[in-house]
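# Understanding the architecture of this molecule
Listed below are the residues making up each chain.
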Amino acid sequence: MSLCVVADVNGYFVATADTYLTCAGYILISPTDYVMATEVFLITPADVLTVFSWGFGAVCLFGLGIPYAVKIARELIKQL
């Protein structure tokens, strides 16, 4: 459950009746809601390794593999 709060002139937070859609201050959420929201975006070291490996592989393929294949194809065409 979320609660909309705004800071008053003394710096204290005061709860308002606004919903989270119309809140002009801060939205407080329960610890359970916080855990549920952050578990969705949990990035593990294995995820980082997977993304890095695919990115490195793509750079090697498109930066080294395809130009090499084009070079070989040009040499073969020249020999014909």
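Read on for a plain summary of the structure. (Residues numbered from 1 in each chain as written. Predicted model: local features only at pLDDT ≥ 70, side-chain atom pairs only at ≥ 80, totals over all residues. Heavy atoms only, no water.)

Looking only at helices and strands, the chain features two helices and three strands. Radius of gyration (C-alpha) of the chain: 28 Å, far over the 12 Å computed for a compact globule of 80 residues. Projected onto its principal axes, the C-alpha positions of the chain cover 85 × 25 × 20 Å. Within the span of the chain, comprising 80 residues, buried residues form 4% of the whole. Across the chain, contacts joining residues at least 24 apart in sequence account for 24% of those joining residues at least 6 apart. About 7200 Å² of surface is accessible on the chain, with carbon and sulfur atoms providing 72% of the total. (Helix = DSSP H or I, 4+ residues; strand = E, 2+ residues; numbered from the N terminus. Rg over C-alpha atoms; globule rule 2.2 N^0.38 Å. Buried < 20%, exposed > 50% of the residue type's maximum accessible area, 1.4 Å probe, protein only. Contact = heavy atoms within 4.5 Å. Areas by Shrake-Rupley, 256 points an atom, 1.4 Å probe, with all protein chains shown as cover.)

What follows deals with the state of the cysteines. With the rule as written, the count across this model stands at one disulfide. In this model, Cys4 is linked to Cys23 through a disulfide, with the two sulfur atoms separated by 2.1 Å. Measuring handedness by torsion sign, the sulfur bridge of Cys4 and Cys23 sits at about 80° and is right-handed. With Cys4 in strand β1 (residues 2–7) and Cys23 in the loop between β2 (13–15) and β3 (26–29), this residue pair connects regions lying 19 residues apart in the sequence. (Disulfide = S-S within 2.5 Å.)

Read from one edge of the open sheet, three strands run β2-β1-β3, paired in antiparallel fashion. The open sheet has two free edges, formed respectively by β2 and β3, since each of these has just one partner strand. Averaged over all adjacent pairs, the angle separating strand axes in this sheet is 40°, with direction ignored. In this sheet, β2 lies alongside β1 in antiparallel orientation, the contact comprising three bridges. Bridging from a neighbouring strand, Ala7 pairs with Phe13 of β2. (Pairing = 2+ DSSP bridges. Axes fitted to C-alpha atoms, helices over the stretch in contact; angles between N-to-C directions.)

Moving on, we come to a nonpolar patch on the surface. Residues Tyr20, Leu21, Ile27, Ile29, Tyr34 and Val35 make up a contiguous nonpolar surface patch of roughly 650 Å² in combined accessible area. Put simply, the parts of the chain that give the nonpolar patch at least two residues each are β3 and α1 (31–39). (Patch = residues over 30% accessible without salt bridge, like charges linked within 9 Å, V, L, I, M, F, W, Y side chains within 5 Å. Salt bridge = Lys/Arg side-chain N within 4 Å of Asp/Glu carboxyl O.)

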